[in-house]
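Notes for the structure review
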Amino acid sequence: MLDVILQAITPLSESVVKLTFTDQANRPLPAFEAGAHIDIRISDAITRQYSLCSSPSNRYAYSVAVLRDPNSRGGSAAIHASFQPGQRVQISAPRNLFALNPEDTKTVLVAGGIGITPIMSMAHALAEQGKEFTLLYVSKPGQRVAFDTELQHGIFADRVRILQPDNREQVKAWLTQNIGEYGAQSGLYTCGPNSFMDAVLSIANTLNWPANAIHQERFGLEKVDTRSDKAFELFLKRSGLTIQVKASQTALEALDDAGVEVDASCEQGVCGTCLLNVLEGEVDHRDGYLTEQEKSQHNQFTPCCSRAVSASLTLDL
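Since this is a predicted model, take the numbers as computed values, not measurements. (Residues numbered from 1 in each chain as written. Predicted model: local features only at pLDDT ≥ 70, side-chain atom pairs only at ≥ 80, totals over all residues. Heavy atoms only, no water.)

Using the criterion set out here, one finds four aromatic pairs in the structure. Ring geometry for Phe-98 versus Tyr-189: centroids 6.2 Å apart, planes at 65°, classification edge-to-face. In this pair, Phe-98 is assigned in the loop between strand E6 (88-91) and strand E7 (106-112) and Tyr-189 in strand E10 (residues 186-191), connecting sequence segments 91 residues apart. Here Phe-98 and Tyr-189 have matching classes, each one buried. With centroids separated by 5.2 Å and ring planes inclined at 70°, the aromatic side chains of Tyr-182 and Trp-209 adopt a geometry described as edge-to-face. With Tyr-182 in the loop between helix H4 (168-179) and E10 and Trp-209 in the loop between helix H5 (194-206) and strand E11 (214-217), the pair connects residues that are 27 residues apart, well separated along the chain. Accessibility expressed as a relative area gives 31% for Tyr-182, which makes it partly exposed. (Phe/Tyr/Trp six-rings, centres within 6.5 Å; stacked < 30°, edge-to-face > 60°. Helix = DSSP H or I, 4+ residues; strand = E, 2+ residues; numbered from the N terminus. Buried < 20%, exposed > 50% of the residue type's maximum accessible area, 1.4 Å probe, protein only.)

Structural data, given as structure tokens:
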């Protein structure tokens, strides 16, 4: 973890604030690429992940935007209530699970709500590289648009299109028109609420965008009904351990109870940090990180949320 100073808290809308962190000695922070996120230690019990929204070319400050979520699990509520400029905060070095493809010659960035955060970083990077791109942003009607000054008057303002819709059908029609048909060496990057992203992916499919040209980052997944969950076994091939996973616990919790350390971050199945290789068995995939094609191979597994269809899974551990 890095010890940094919370240099500034800037309101971006009625429910979103931007946090800007700097090194305590004003030294350059670790380099990152557009789309990266950091972990922020909010308390001894709470660490959350937030996408960097600042330009990767600025090594002297990291910025993230935090939505005050009415369904907060404790992270965003604590930040809005207790974080103050000047305080010391522990953060991780940046990690990127949502990177731009450098071979894209044309890019379409599509954001919904707080999903604008990694998209802002991408827009900065693409503008500084002189690449062709369009930024589409759907924001809630009747509210201030987050990053409005930067989007409307910044260095890439001429690439930005913003919609504050009256209804869902308007959103679909607008996205269809502005995403446009797929062209060779194009990339589509989208982030936002699950229902919004599902609409974007469905529209992209009708516009002939291939799966390998579409990139997404989800902040969370819909809750899964776990009442019918059953116990299963994990067999660790290299260590020879067999671990029982109870119906009432995750595989990650069972591994942790057995003293097997697995890196984890979001614990919701969206970041991919805990991804493990599966050698045998059929996985009950519940994550939003793997593609449908990757899931069909049953050779990878997110123990934070996914389970087993078969009686056991053999892991490369």
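A separate point is the sheet that holds E10. One open sheet accounts for five strands, arranged E9-E8-E7-E10-E11; its pairing is parallel. Unpaired on one side and paired on the other, strand E9 (160-163) and E11 mark the two borders of the sheet. On average, each strand axis in the sheet is inclined to that of its neighbour by 15°, with strand direction left out of account. Alignment of E7 against E10, held across six bridges, turns out to be parallel. Among the inter-strand pairings, Thr-107 is bridged to a residue of E10, identified as Gly-187. In the packing of helix H2 (residues 116-129) onto the sheet, contacts are made with E7, strand E8 (132-138), E10 and E11, and the angle to E7 comes to roughly 155°. Contacts from H5 reach E7, E8, E10 and E11 within the one sheet, and its direction differs from that of E10 by about 160°. (Pairing = 2+ DSSP bridges. Axes fitted to C-alpha atoms, helices over the stretch in contact; angles between N-to-C directions. Contact = heavy atoms within 4.5 Å.)

The biggest cluster of nonpolar side chains holds 28 residues, and the ones touching the most others in it are Leu-109, Leu-135, Phe-147, Leu-151 and Phe-156. Where this core is concerned, the elements lending two or more residues are E7, H2, E8 and E10. The greatest single-element share of this core, amounting to eight residues, is contributed by H2. For Leu-135, the contacting residues outside a window of four places in its chain are Leu-109, Ile-116, Ile-119, Ala-123, Leu-151, Phe-156, Arg-159, Val-160 and Arg-161. (Core = buried A, V, L, I, M, F, W, Y, C linked by side-chain atoms within 4.5 Å.)

This brings us to unusual backbone geometry. In the Ramachandran plot, Asn-26 falls in the positive-phi region, its phi being about 60° despite a non-glycine side chain. As for its placement among the helices and strands, Asn-26 is situated in the loop between strand E2 (16-23) and strand E3 (37-41). Overall, Asn-26 belongs to the exposed group, its relative accessible area being 53%. Positive phi is not limited to glycine here, since His-298 has a value of about 55°. With respect to the helices and strands, the residue His-298 is situated in the loop between helix H7 (292-297) and strand E16 (300-301). Taking the relative accessible area as the measure of exposure, His-298 reaches 22% and is therefore partly exposed.

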